[in-house]
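# Notes for the structure review
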Amino acid sequence: MGNCCGSAGGSKKPRKGKHKPNPFAHDFNTGGHVSVLKGAAVGRNIHDKYVLGKELGRGEFGITYLCTDKETDEQLACKSISKRKLRTAIDIEDVRREVAIMNNLPKHANIVSLKATYEDDSAVHLVMELCEGGELFDRIVARGHYTERAAAAVTRTIVEVVQMCHKHGVMHRDLKPENFLFANNKENSALKAIDFGLSVFFKAGERFSEIVGSPYYMAPEVLKRNYGPEVDVWSAGVILYILLCGVPPFWAETEQGVAQAILRGAIDFKRDPWPKVSEHAKNLVRQMLEPDPKLRLTAQQVLDHTWLHNAKKAPNVPLGDVVRSRLKQFSVMNRFKKRALRVIAEHLSVEEVEGIRELFKTMDTNNNGSISFEELKAGLHKAGSQLSEQEVQLLMESGDVDKNGMLDFGEFVAVSVHLQRMDNDEHLHKAFTFFDKNGSGYIEIDELKEGLADGLGQDDEEVLNDIVREVDTDKDGRISYEEFVAMMKTGTDWRKASRHYSRERFNNLSVRLMKDGSLQMTNDDKR
């Protein structure tokens, strides 16, 4: 599921004196009867029809299980989202919107289908088509013989998904390789888009301002807070670039650096294997990564482009081992980060929120169920915070989702979790400790191998060595805590650890065009 609200920029008017219903009353956090999903199609007891089996995956908000239909024995996937983890009104709205979008999109061979929805006192259950053929890059690497023609076939599928979404008024906003899985292990298996958690409905001409998505794949207009559905074509162009050479077109050591590279828009076509990639392919990449969204190709224009229109005639010459090894390393590095983020997610408990509840009550001096700027400033000062008035104002603005000048409890939770993360790195320590099995203070190659054992093959030793060499900046053959933290903050999709952390992190990023034409970037959250 997604991580940020999907309201269009500027479309929400302040509602003075009016507050959203607070979904975080005590009964909610202990599995109460607050309804997340609505409608006659929502079932009450999932166990009447399905048997939930082994765990397939785990995220911040819930667990995905193997799910078997009792009547037909059909195997499906069930994403069970814990109500305890839905901490704010935004979280609840995200689930509702994801379900609405998946129900609204017509059945498509390359989009995972939602079969049924259930809700009980403790969780929301989304029963979906099972995709067990693995991630996109893993399949490419496993095939061995990888060519421009194969990249064209994958790109066509991805852009067809974009076209389908746009045709039905849906902007995906988070296209990336990890969000595409193969349906099964057969050679001709369909590639399917699996995650619509950041997607939003849009109308022609509507503009959005919220910075969401994953750093590598963000379009420049997202960073400038003024965008529309053209961002999906940009993200697909980034994927195409990676498919052809094995590395992202815009890369840096930090998220700010990645953003700067995106805004500069310089594309490297010199590194291997670009000299042997066809001009038609490079031409399409350039037009999909056109910085001006008005000049960028539409999804239909991409599909009509010579290179994709004649995809079966694209060069079938192998792009070389360098591309395959890069894709493999890219994939395993993502697995390393995702495993660490999963550990972090598992430690985000409802108990954390209960402590914040007491702080909220203390700050809410007039007991009206919300906190004003003055109450926030006084409460933070009393708690020993050294934040300046300007910084408190920024915090207030970033947390005040409905822009009514007050923080309700859900909004305050987001602000508080953000402040806690600024002050300590407890969660990263827990993730590091998961890999550092012997407690030496370092992650060694054998520990990394053990930590990722469930997703590695027999021939991945060299890939793990490559990852250690990349992360190990002091070149002592192992990963220290400081090196681990640096890796986690390099282009990491932090929303998997906490949606609000990511939202504030990116939304406090300021970009200014200087008189000399250079870009100055600051991060107001002082991280």
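Conventions used here
- Residues numbered from 1 in each chain as written.
- Predicted model: local features only at pLDDT ≥ 70, side-chain atom pairs only at ≥ 80, totals over all residues.
- Heavy atoms only, no water.
- Helix = DSSP H or I, 4+ residues; strand = E, 2+ residues; numbered from the N terminus.
- Buried < 20%, exposed > 50% of the residue type's maximum accessible area, 1.4 Å probe, protein only.
- Polar contact = N/O pair within 3.5 Å; in protein donor to acceptor, adjacent residues only side chain to side chain.
- Contact = heavy atoms within 4.5 Å.
- UniProt positions renumbered as here; feature names shortened; annotations may be inferred.
- Phe/Tyr/Trp six-rings, centres within 6.5 Å; stacked < 30°, edge-to-face > 60°.
- Pairing = 2+ DSSP bridges.
- Core = buried A, V, L, I, M, F, W, Y, C linked by side-chain atoms within 4.5 Å.
- Salt bridge = Lys/Arg side-chain N within 4 Å of Asp/Glu carboxyl O.

### Comments concerning the side chain of lysine 192
Looking at where lysine 192 falls in the secondary structure, it is placed in strand β9 (residues 191-193). Look at lysine 192 and you get buried, because its relative accessible area is 6%. A distance of 3.0 Å separates a polar atom in the side chain of lysine 192 from a polar atom in the side chain of glutamate 129. Every residue in contact with lysine 192, bar those within four places of it in the chain, is listed here: His108, Ala109, Asn110, Ile111, Val112, Glu129, Cys131, Asn179, Phe180, Leu181 and Ala183.

### Re the UniProt feature "binding site: ATP" (unreviewed entry) in the protein chain
Annotation from UniProt places "binding site: ATP" (unreviewed entry) at Lys79. Here lysine 79 is to be found in strand β4 (residues 75-82). Engagement of the side chain of lysine 79 in a polar contact is seen with the side chain of glutamate 98, the distance being 3.2 Å.

### What about the packing of aromatic side chains?
All chains considered together, the criterion is met by 10 aromatic pairs. Relative to phenylalanine 269, the ring of tyrosine 241 has its centre 6.2 Å away and its plane inclined at 40°; by these criteria the two rings are tilted. Of the two residues, tyrosine 241 sits in helix α6 (residues 230-245) while phenylalanine 269 sits in the loop between α7 (255-264) and α8 (279-288), which places them 28 residues apart along the sequence. Its relative accessible area of 0% is what places tyrosine 241 among the buried residues.

### Structural notes on the pairing of β4
Counting buried positions along β4 gives 6 out of 8 residues, so the element sits mostly inside the fold. Alignment of strand β3 (residues 62-69) against β4, held across 7 bridges, turns out to be antiparallel. Bridge pairing in β4 links leucine 66 to alanine 77. Hairpin connection of β3 to β4: 5 residues between the antiparallel strands, including aspartate 73 at a positive phi of 65°.

### Side note on the nonpolar core
In this structure, Leu243, Leu244 and Trp307 are the most contacted members of the largest nonpolar core, which totals 89 residues. Of all the elements, α6 adds the most residues to this core, at 12 residues.

### Re the pairing of β3
In this sheet, β3 lies alongside strand β2 (residues 50-58) in antiparallel orientation, the contact comprising 6 bridges. If you follow arginine 58 over to β3, its bridge partner there is isoleucine 63.

### Concerning the pattern of salt bridges
For the structure shown, the criterion picks out 14 salt bridges. A salt bridge links glutamate 98 to lysine 79, with the nearest nitrogen and oxygen atoms 3.2 Å apart. Within this pair, whereas glutamate 98 is found in helix α2 (residues 89-104), its partner lysine 79 is found in strand β4, the two being separated by 19 residues in sequence. On the accessibility criterion, glutamate 98 (2% relative accessible area) is buried. The class of lysine 79 is buried, set by a relative accessible area of 14%. Salt-bridge contacts for glutamate 160 lead to arginine 156; the nearest nitrogen and oxygen are separated by 3.4 Å. With a gap of 4 residues between them, glutamate 160 and arginine 156 both fall in helix α4 (residues 148-167), about one helical turn apart. The exposure class assigned to glutamate 160 is partly exposed, which follows from its relative accessible area of 25%.

### Quick word on the environment of glycine 369
By secondary structure assignment, the location of glycine 369 is in the loop between α12 (350-363) and α13 (373-382). Spatially, the C-alpha atom of glycine 369 lies 7.4 Å from that of phenylalanine 409, the residues being 40 residues apart in sequence. Other than its neighbours up to four places away in sequence, glycine 369 contacts Phe360, Asp364, Asp408 and Phe409.

### Brief notes about the sheet that holds β2
Taken in spatial order, the 6 strands of this open sheet run β1-β5-β6-β4-β3-β2, and their pairing is mixed. The sheet terminates laterally at β1 (42-43) and β2, the two strands that pair on one side only.

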